[in-house]
2 protein chains.
Amino acid sequence: MPGGPKEAYERVRSVFEASAAQVNGEPCVTYLGAGSAGHFVKMVHNGIEYALMQLIAETYDLMKRGMGLSDEELHEFYAGWNKGELESYLLEITCQIFSKKDEKTGRRLIDEVRGVARQLGTGMWTSQSAMELQVPAPTIDAAVAMRNLSVLESEREAAGAALPRTQAPFPGDRAAFLSQLGMALFAAMVITYAQGMAVLKAASEKYAYGLDLSAVARIWRGGCIIRAAMLEDIREAFSSQPGLPNLLLDPELGKKLMAHQEDLRAAVVAAARLSLPVPGLMTALAYLDAYRSAWLPANLVQAQRDFFGAHTYERVDAKGDFHTDWEKE
Amino acid sequence: MPGGPKEAYERVRSVFEASAAQVNGEPCVTYLGAGSAGHFVKMVHNGIEYALMQLIAETYDLMKRGMGLSDEELHEFYAGWNKGELESYLLEITCQIFSKKDEKTGRRLIDEVRGVARQLGTGMWTSQSAMELQVPAPTIDAAVAMRNLSVLESEREAAGAALPRTQAPFPGDRAAFLSQLGMALFAAMVITYAQGMAVLKAASEKYAYGLDLSAVARIWRGGCIIRAAMLEDIREAFSSQPGLPNLLLDPELGKKLMAHQEDLRAAVVAAARLSLPVPGLMTALAYLDAYRSAWLPANLVQAQRDFFGAHTYERVDAKGDFHTDWEKE
């Protein structure tokens, strides 16, 4: 299509590329695809961003309420995590946030900030679109839900008084847990990118965007809020396997996830015991465990649907749709 | 409004009430409110239904893959649970499903049903509407995501081979855990109703439905898929406190939840250790723990938003919106 948006991009490409952030000599800008492709990719970028921010906040909660770490210690931990596999813009600013002093009180500013997280809608649209595309993105969903829950401040205060939480002492080896927690965050972040990329893949097919997911990962490596070292592995996965259905099926990322799944489990178990809400870490773990389950208990859900609504079911041993009168003896 | 829908209902009321299911002498039918009120209430009924079905499926997974129970034993457990506090239509049919024999193979039919759960959209619409209303409903969201994940059968098979799950022996006391699991389901079901009712409350305010939540709970006690003994407690809660912001703030239900929160925690901890996906139980627990947290780590999320987007934040010690240049020394 001469004169179309792709050609228009080609005409200004050199200007865009020269002014964009560069990673490994490659500009973090590209023509993404037909129609609303660019907007959709930016929306999912923000959905992933919501989930990553929620996950980082949960590690903060585990270290602050769960282990009693000070802001100074939190600054040090996030600075350490921001080296190596977890290196990312969000960890970089998290680390800086914990060192920022409040001009008014002289204390750390983070402790003067109310725990009410606002939104402009892009995370919600990502979850709503994922559901429309029938792609599971439970960690993004949980992040959206938690922003909405954070706003209910007076209800939370009333519930905190009526249903008080007992602060249990941290169970187990603190130093070992702290080193696990960083890798739990790593695993949950990989799983979040997997969910987001799966949304993009389905959207590209349904809306004929013609997305190149390796190009998406490539331009996200710099100049945006979800830039992260692990995006290089993600770019590589889609570059070598353009038809990859899900990042979890990439051998390299799969190996890293398996190496750190016990860290993610440990974080979830500790939070459940300490009465700390970690729906991001929990849904990431559940997504991993469900995605790698050839068998799921959804057979019961479908049997219930057939029982009460004659919605039919499929059989493991034959093709077709079947219905049973389950009440008949 | 003479001649309006409410008056039209009044004219046929006696016919409707006579043909409806009756509970405690009360008909399970009523005029719900203005505009699309009836449709919205039925949609949220279905969203709650999705979540309850997912929760029951998760208890099935814990008992089947986690503990190796047979279909005969599962039938017995669900039959036992269907007496007392968990009594409900969905447990009744679950119990019946586990005793149903397959005419073709002579085995239990449930094991011939493929674990692919379909949907007609009402659960998705509930989650999408809840997000639009900015009401957290994470357990309904998780149920929608798990239906979508169940459909990805070939991907799950590939992931099951590439990222194999090791079946660990059940940790701890089996009999004690089984008695806890029923009450974990009870707690998660109460929390699910709390999420759904909160969606209805917000919708009633935004769309001027004029809903009476005690009437909603009253008509759900019979003749519908989510009928459950606990709806009598829910009806009572909204009847005695019409302005109740959330079911978790009802003293009676709050007391029951506190009595069984450790059961819910035990189920989540066991599932995480056994690599069994229980996002419904997990998000229910996270909702409980977040809702009763006067303090949440959302202050970090809002600080990050102010850092990268100048979205401002609120302070704990002063009214107004504030912005800080977080990078400035």
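Our structure is the block above this text.
The numbering scheme is per chain: residues are counted from 1 as the chain's sequence reads. Each chain gets a letter, beginning with A, and each ligand a number, beginning with 1, in the order they are written. Only residues with pLDDT of at least 70 are given local features in this predicted model, and only at 80 or more are side-chain atom pairs given and counted; all residues enter the totals for whole chains, interfaces and linings. With hydrogens and water set aside, each side-chain value is computed from the structure's full complement of heavy atoms.

1. Digging into the overall build of chain A
Logical step 1: The numbering of helices and of strands both runs from the N terminus, where a helix is a DSSP run of H or I of at least 4 residues and a strand a run of E of at least 2. Per the secondary structure count, chain A includes 13 helices and two strands.
Logical step 2: Here the radius of gyration uses the C-alpha set of atoms, whereas the globule reference equals 2.2 Å times the residue count to the power 0.38. Radius of gyration (C-alpha) of chain A: 22 Å, near the 20 Å computed for a compact globule of 329 residues.
Logical step 3: Its C-alpha atoms give chain A principal-axis dimensions of about 70 × 65 × 40 Å.
Logical step 4: Considering chain A as a whole, with its 329 residues, one finds that 62% of them fall into the buried category.
Logical step 5: Contacts are residue-level and defined by heavy atoms, with any inter-residue pair within 4.5 Å sufficient. Within chain A, counting contacts between residues at least 6 apart in sequence, those at least 24 apart form 67% of the total.
Logical step 6: For the area figures, the Shrake-Rupley method with a 1.4 Å probe applies, and any residue is considered shielded solely by the protein chains shown. Roughly 12200 Å² of accessible area belongs to chain A as shown, and the carbon and sulfur atoms make up 53% of that amount.
Logical step 7: Between the averaged position of the 33 positive side-chain charges in chain A and that of its 41 negative side-chain charges there is a distance of 3 Å. In this scheme, a residue with accessible area under 20% of its type's maximum is buried, one over 50% is exposed, and one in between is partly exposed, where area comes from a 1.4 Å probe on protein chains only. Under this rule, positive means Lys or Arg and negative means Asp or Glu; His and the chain ends count for nothing. Every charge is mapped to an atom, namely NZ of Lys, CZ of Arg, CG of Asp or CD of Glu.

2. Description of unusual backbone geometry
Logical step 1: With phi around 60°, A:S275 is a residue other than glycine that occupies positive phi space.
Logical step 2: Inspection of the secondary structure assignment puts A:S275 in the loop between α11 (251-274) and α12 (279-291).
Logical step 3: Looking at A:S275, the relative accessible area reads 7%, which means it is buried.
Logical step 4: Backbone geometry places B:A310, a non-glycine residue, at a positive phi of 50°.
Logical step 5: In this structure, B:A310 sits in the segment after α13 (298-309).

3. Description of the relation of the copies chain A and chain B
Logical step 1: The copies were overlaid by least squares, fitting only the C-alpha atoms of residues that reach a pLDDT of 70 or more in each copy. Turning chain A through 180° and shifting it by 0.0 Å along the axis lays it on chain B, with an RMSD of 0.0 Å. Such a turn and shift between the copies fits a two-fold axis.
Logical step 2: When the interface residues of chain A are mapped onto chain B, 99% of them again lie at the interface, so the same face is used by both copies.

4. Section: the interface of chain A and chain B
By convention, interface size is frequently given as the accessible area that disappears when the constituent parts associate.
Logical step 1: Every contact between the two is made by 114 residues of chain A and, on the other side, 113 residues of chain B.
Logical step 2: A simple way to read buried area is as the amount of 1.4 Å-probe accessible surface that goes missing from two parts once joined, with both sides added. Taken together, the two surfaces of chain A and chain B that pack against each other cover about 10700 Å², and 66% of this comes from carbon and sulfur.
Logical step 3: Of all residues in chain A, A:M131, A:L163 and A:E314 bury the most surface against chain B, accounting for 7% of the area lost on that side.
Logical step 4: Salt bridge criterion: a side-chain nitrogen from Lys or Arg within 4 Å of a carboxyl oxygen from Asp or Glu. Where chain A meets chain B, there are 10 salt bridges.
Logical step 5: The partner of A:R315 in a salt bridge is B:D102, with the nearest N and O atoms 2.8 Å apart.
Logical step 6: Polar contact is the term for a pair of N or O atoms within 3.5 Å; when the atoms are in protein, one must be able to donate a hydrogen and the other to accept it, and sequence-neighboring residues count only if both atoms are side-chain atoms. Linking chain A with chain B are 45 residue pairs in polar contact (both at pLDDT 80 or more).
Logical step 7: Looking at the side of chain A that touches chain B, the elements with two or more residues in it are α2 (37-66), α4 (89-97), α5 (122-132), α6 (138-151), α7 (153-162), α11, α12 and α13 (298-309) of chain A.
Logical step 8: Under this grouping Gly is polar, as are all residues other than the nonpolar Ala, Val, Leu, Ile, Met, Phe, Trp, Tyr, Cys and Pro and the charged Asp, Glu, Lys and Arg. Here the side of chain A that touches chain B is built from residues that sort into 62 nonpolar, 22 polar and 30 charged.

5. Side note on the packing of aromatic side chains
Residues and elements named next belong to chain B.
Logical step 1: Working definition: rings of Phe, Tyr and Trp (its six-membered ring) pair if their centres are within 6.5 Å, and the pair is stacked with planes under 30 degrees apart, edge-to-face with planes over 60 apart, and tilted otherwise. Summed over the entire model, instances satisfying the criterion amount to 26 aromatic pairs over all chains.
Logical step 2: Each ring, one from Y9 and one from Y31, has its centre 6.2 Å from the other, and the planes form 40°; the classification is tilted. Here Y9 is found in helix α1 (residues 5-19), whereas its partner Y31 is found in the loop between β2 (26-27) and α2 (37-66), with 22 residues between them in sequence.
Logical step 3: Relative to Y291, the ring of Y287 has its centre 5.9 Å away and its plane inclined at 10°; by these criteria the two rings are stacked. Of this pair, Y287 and Y291 both sit in helix α12 (residues 279-291), four residues apart, which is roughly one turn of the helix.
Logical step 4: We classify Y287 as buried; its relative accessible area is 2%.

6. Some points on the pattern of salt bridges
Logical step 1: Tallying each qualifying case throughout the model produces 52 salt bridges over all chains.
Logical step 2: One salt bridge in this structure joins A:E112 and B:R315, with 3.8 Å as the shortest N-O distance. Residue A:E112 is found in the loop between α4 and α5, and its partner B:R315 is found in the segment after α13; the two belong to separate chains.
Logical step 3: A residue is classified by how much of its surface remains accessible, and A:E112, at 3% relative accessible area, is buried.
Logical step 4: Using a relative accessible area of 5% as the deciding quantity, one classes B:R315 as buried.
Logical step 5: Of the charged contacts, one joins B:R265 and B:D289 as a salt bridge, the two residues approaching to 2.9 Å between their closest N and O atoms. Of this pair, B:R265 sits in helix α11 (residues 251-274) while B:D289 sits in helix α12, and the two are 24 residues apart along the sequence.
Logical step 6: Its relative accessible area of 3% is what places B:R265 among the buried residues.
Logical step 7: Its relative accessible area of 1% is what places B:D289 among the buried residues.
Logical step 8: When salt bridges that share partners are traced, they join A:D102, A:K104, A:R107, A:E112, B:R315 and B:D317 into one network.

7. Things to note about the side chain of A:Q302
Logical step 1: The topology assignment puts A:Q302 in helix α13.
Logical step 2: The residues contacting A:Q302, other than those within four sequence positions of it, are A:H311, A:T312, A:Y313, B:V113, B:V116, B:A117 and B:R118.

8. A few points about a nonpolar patch on the surface
Logical step 1: On the surface, A:V12, A:V15 and A:F16 cluster together into a nonpolar patch covering about 250 Å² of accessible area.
Logical step 2: Take A:F16: it is sitting in helix α1 (residues 5-19). Patches were defined on residues exceeding 30% relative accessible area and lacking a salt bridge, with like-charge contacts within 9 Å and nonpolar side-chain contacts (Val, Leu, Ile, Met, Phe, Trp, Tyr) within 5 Å.

9. Re the nonpolar core
Logical step 1: In this description, a nonpolar core means a group of buried Ala, Val, Leu, Ile, Met, Phe, Trp, Tyr and Cys residues linked to one another through side-chain atoms lying within 4.5 Å. By size, the foremost hydrophobic cluster in this structure holds 241 residues, and its most contacted members are A:W220 and B:W220.
Logical step 2: The contact partners of A:W220, leaving out residues within four places of it in the chain, are A:V41, A:H45, A:I48, A:M197, A:L200, A:I226, A:R227, A:A228 and A:L231.

10. A closer look at α12(A)
Logical step 1: To estimate the expected span of a helix, count its residues, drop one, and scale the result by 1.5 Å. In this model, α12(A) (13 residues) spans 17 Å end to end at C-alpha, consistent with the 18 Å of a helix rising 1.5 Å per residue.
Logical step 2: Along α12(A), 13 of the 13 residues are buried, which leaves the element largely enclosed by surrounding structure.

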